[in-house]
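Listed below, chain by chain, are the residues.
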Amino acid sequence: MLKEIETVLEEDVRPYLLEHEGNVRIAEYKEGILKVRLTGQCSGCPSAALTTEELIAEAVKKRIPEIKDVVLVNEVSDDLIAMAKKLMSHPKK
């Protein structure tokens, strides 16, 4: 199933995302639910939920009817967490 999903992403989704300097990765597929992460410039974009719903979900569900839903997984990078901790540890003046 993952190979089929990757094929759809490669053919129908990534060309559009690459125009915006972004990409998509499969985070998990389980029981008809596909979880994806947007990367590059698409990561954290205000339109990410819309992109997931209208572009990714539509393309994948159209070609693979077994997929019931596509969910966007948001995560904070380790670098960003480290930067936040560093900023918060500075003593107030």
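Reading the values: the criteria
Residues numbered from 1 in each chain as written. Predicted model: local features only at pLDDT ≥ 70, side-chain atom pairs only at ≥ 80, totals over all residues. Heavy atoms only, no water. Helix = DSSP H or I, 4+ residues; strand = E, 2+ residues; numbered from the N terminus. Buried < 20%, exposed > 50% of the residue type's maximum accessible area, 1.4 Å probe, protein only. Contact = heavy atoms within 4.5 Å. Pairing = 2+ DSSP bridges. Axes fitted to C-alpha atoms, helices over the stretch in contact; angles between N-to-C directions. Parallel < 35°, antiparallel > 145°, perpendicular 65-115°, else oblique. Left-handed = near helix turned anticlockwise from the far one by under 90°. Nonpolar A, V, L, I, M, F, W, Y, C, P; charged D, E, K, R; others polar.

A. Main features of the side chain of Arg14. Secondary-structure assignment places Arg14 in helix α1 (residues 2-19). Among the residues examined, Arg14 registers a relative accessible area of 9% and is labelled buried. If near-sequence neighbours (up to four positions away) are discounted, Arg14 is found in contact with Glu6, Leu9, Asn23 and Val24.

B. Representation of the sheet that holds strand β3 (residues 69-72) in the model. Taken in spatial order, the 3 strands of this open sheet run β1-β2-β3, and their pairing is mixed. Each edge of the open sheet carries a strand with a single partner, namely β1 (22-30) and β3. Recorded for the sheet is a direction-independent mean angle of 30° between the axes of neighbouring strands. Sheet topology places β1 next to strand β2 (residues 33-40); 8 bridges connect them, and they run antiparallel. Looking across to β2, one finds that Tyr29 is bridged to Leu34. Packing against the sheet, α1 makes contact with β1 and β2, and its axis sits at approximately 155° to β1.

C. Structural detail: the packing of α1 against helix α2 (residues 48-63). Remark: α1 packs on α2, axes separated minimally by 9 Å, with the N-to-C direction vectors making an angle of 155°. Judged by the inter-axis angle, α1 sits roughly antiparallel to α2. Crossing hand, α1 versus α2: right-handed. On the side of α1, the interface is formed by Thr7, Val8, Leu9, Glu11, Asp12, Val13, Tyr16 and Leu17, while α2 contributes Thr51, Leu55, Ile56, Ala59, Val60 and Arg63. Of the residues that constitute the contact of α1 with α2, the class distribution is 9 nonpolar, 2 polar and 3 charged.

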